[in-house]
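Spelled out from the first residue to the last, the chains are:
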Amino acid sequence: MADKLILRALRGETLPTPPIWMMRQAGRYLPEYRATRAKAGDFLSLCYNPELAAEVTMQPIRRYGFDGAILFADILLVPQALGADLWFVTGEGPRLSTITGPEGLRKLKTKDDIHTTLSPIYDTVRILSETLPKDTTLIGFAGAPWTVATYMVAGRGTPDQGPAHLLKDTDRATFTALIDLITEATIEYLACQVEAGAEVVKLFDSWAGSLKGQDFEDFAVAPALRIIQALKARFPDLPVIAFPREAGDGYIGFHQKTGADCVAIDNSVSPQWAAANVQTAGCVQGNLASRHMVTGGQALVEETRHIVETFRNGPHIFNLGHGITPDADPENVALMVETVRAT
Ligand code: CP3
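Given the structure is predicted, the values throughout are model-derived calculations rather than measurements. Throughout, residues of each chain are indexed from 1 in the direction in which the sequence is written. Totals for whole chains, interfaces and linings use every residue, but because this is a predicted model, local features are given only for residues with pLDDT of at least 70 and side-chain atom pairs only at 80 or more, for both listing and counting. Remark: hydrogens and water are excluded; side-chain values derive from all non-hydrogen atoms of the structure.

Student: Can you explain the pattern of salt bridges? Please cite residues and give values.
Tutor: By definition, a salt bridge exists where a carboxyl oxygen of Asp or Glu is found within 4 Å of a side-chain nitrogen of Lys or Arg. Throughout the structure, instances matching the rule amount to 18 salt bridges. Of the charged contacts in the structure, one is a salt bridge between arginine 341 and aspartate 67, with a shortest N-O distance of 3.1 Å. Taken together, the residues span a long stretch of sequence, with arginine 341 in helix 16 (residues 330-342) and aspartate 67 in the loop between helix 4 (50-64) and strand 1 (68-70) at a distance of 274 residues. A salt bridge links lysine 257 to glutamate 217; the shortest N-O distance between them is 2.9 Å. Here a helix means four or more residues in a row that DSSP labels H or I, a strand means two or more in a row labelled E, and each is numbered from the N terminus.

And the structure:
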């Protein structure tokens, strides 16, 4: 157990070669994923089918031998478990019922009601903890409250998270109550993933970059701190990765402020900046631009080497700066893994 590379990096060890996994590693760029998804029927049926969800989690591990396997599920299952309607429009993305004021919030369920919907996810984790290769780390995850709230308020992805900002700025009490409910549900959801066998958990705050000043402290930092403290109270050795995407200066001090063992870095900041300002506080994860998985070639090799070399003097987990896209070439992923392990 103690020898798994990702766990060693998360404990602060500087390794000669960084362990590697990839955001959205189980996804549409892989023909075997598309085949299993077709068998499941649709994306949500795949998420709630433990055997098939475990199968798609395993696919990139078989193909590339990543050091970590991320549970196959979605951050929007928590809103669904809280009573929001959720569906996916092919080619467009998620749609949910919206929450525009206190009456929308009142209709939601409580943190104790979520397991009826989410128990198949815990079964997926159990299957994976039995079937993954013994040197592969099993990573559970959830969306961070702000990011989940942006979808629950708007009912869809938005370019500027405008509807969530509007609710936050016009009815802060309702917005804060929504954040608190998601925070509490997320603690219970992640605790169940850990009990089922997740060895690490990651919090995805994909829209953290649109929070500034006190809002960043209140809605990105504070909920992450609350979740991490609650989980560590129950599981003292559990490592946590936080991903406040596009936080910019907000990355500085994020380890200390939230208690995260690792901060994942997107590719809007340079590895030099992140090494000097963030890695000094603990493990970092990142940050190759996903487009290299589409374009490949010498640029991929050079940028991969540059990232490995720049983070070499501290704890580092190699990853992309955001999820791999469906138009990526599976051969480029193999080239990235090969380059990381040869640098
Ligand atoms: O392999 C993995 O990374 C694990 C599974 C995973 C998925 N989504 C599967 C998925 C994880 C960790 C997520 C996180 C997630 N989901 C985030 C945070 C990370 C990020 O990308 O910023 C967000 C914002 C979501 C919400 C979500 N799910 C959106 C906006 C979409 C549509 C956009 C898209 O890429 O199609 C999804 C769908 C989704 N989640 C897919 C996958 C593999 C594609 C669905 C399909 O098969 O059609």
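Student: Account for unusual backbone geometry, naming residues and giving values.
Tutor: Geometrically, the link from glycine 286 to asparagine 287 is a cis peptide bond, its omega value of -15 degrees lying close to zero. Along the chain, asparagine 287 turns up in strand 8 (residues 283-288). Non-glycine residue arginine 24 carries a positive phi angle of around 65 degrees. Classification of arginine 24 as exposed rests on a relative accessible area of 52%. Buried residues are those whose accessible area, probed at 1.4 Å on protein chains only, stays under 20% of the maximum for their type, while exposed residues exceed 50% and partly exposed ones sit between those limits.

Student: Can you break down the nonpolar core residue by residue, with the values?
Tutor: Ranked by internal contacts, the top residues of the largest apolar core, which has 125 residues, are Met293 and Met336. The biggest single contributor to this core is helix 10 (residues 172-196), with 13 residues. Among buried residues, those of type Ala, Val, Leu, Ile, Met, Phe, Trp, Tyr and Cys that are joined through side-chain atoms within 4.5 Å constitute a nonpolar core.

Student: Give a description of the site of the ligand that names residues and reports values.
Tutor: Here, proximity means that at least one heavy atom of the residue falls within 4 Å of the molecule or strand. Taken together, the neighbourhood of the ligand is formed by 23 residues, with Tyr33, Arg37, Asp74, Ser206 and His322 sitting nearest. Here an oxygen atom of the ligand and a backbone polar atom of glutamine 25 are 3.3 Å apart. We define a polar contact as two N or O atoms separated by no more than 3.5 Å, with the added condition that, inside protein, one atom must be a possible hydrogen donor and the other a possible acceptor, whereas residues neighbouring each other in sequence contribute only through side-chain atom pairs. For the ligand, an oxygen atom lies 2.7 Å from a polar atom in the side chain of arginine 28. Reported accessibility uses the Shrake-Rupley method at a 1.4 Å probe radius. Residues are deemed covered only where the shown protein chains occlude them. In the complex, the protein chains occlude 88% of the 860 Å² of accessible area that the ligand would expose alone. Sorting the residues of the shell around the ligand by element identifies helix 2 (31-40) and strand 3 (93-96) as the ones contributing at least two each. By the convention adopted, Pro, Cys, Tyr, Trp, Phe, Met, Ile, Leu, Val and Ala count as nonpolar, Lys, Arg, Asp and Glu as charged, and the other residues, Gly among them, as polar. When its residues are assigned to classes, the shell around the ligand shows 15 nonpolar, four polar and four charged.

Student: Describe the packing of helix 2 against helix 4, and please don't skip the residues or the numbers.
Tutor: Think of two packed helices as two axes; the pair is described by the angle between the axes and how far apart they sit. Axes, fitted as lines to C-alpha atoms, cover a helix only where it is in contact. Angles between the N-to-C directions of the axes lie from 0 to 180 degrees. Put simply, helix 2 and helix 4 touch, their axes get as near as 10 Å, and they point 170 degrees apart. One finds that helix 2 runs roughly antiparallel with respect to helix 4. Facing Pro31, Glu32, Tyr33, Thr36, Lys39 and Ala40 of helix 2, the residues of helix 4 in contact are Leu52, Glu55, Val56, Gln59 and Arg63. Roughly parallel means an angle under 35 degrees; roughly antiparallel means over 145; roughly perpendicular covers 65 to 115; every other angle is labelled oblique. Only heavy atoms matter for contacts: two residues are in contact if any of them lie within 4.5 Å across the pair.

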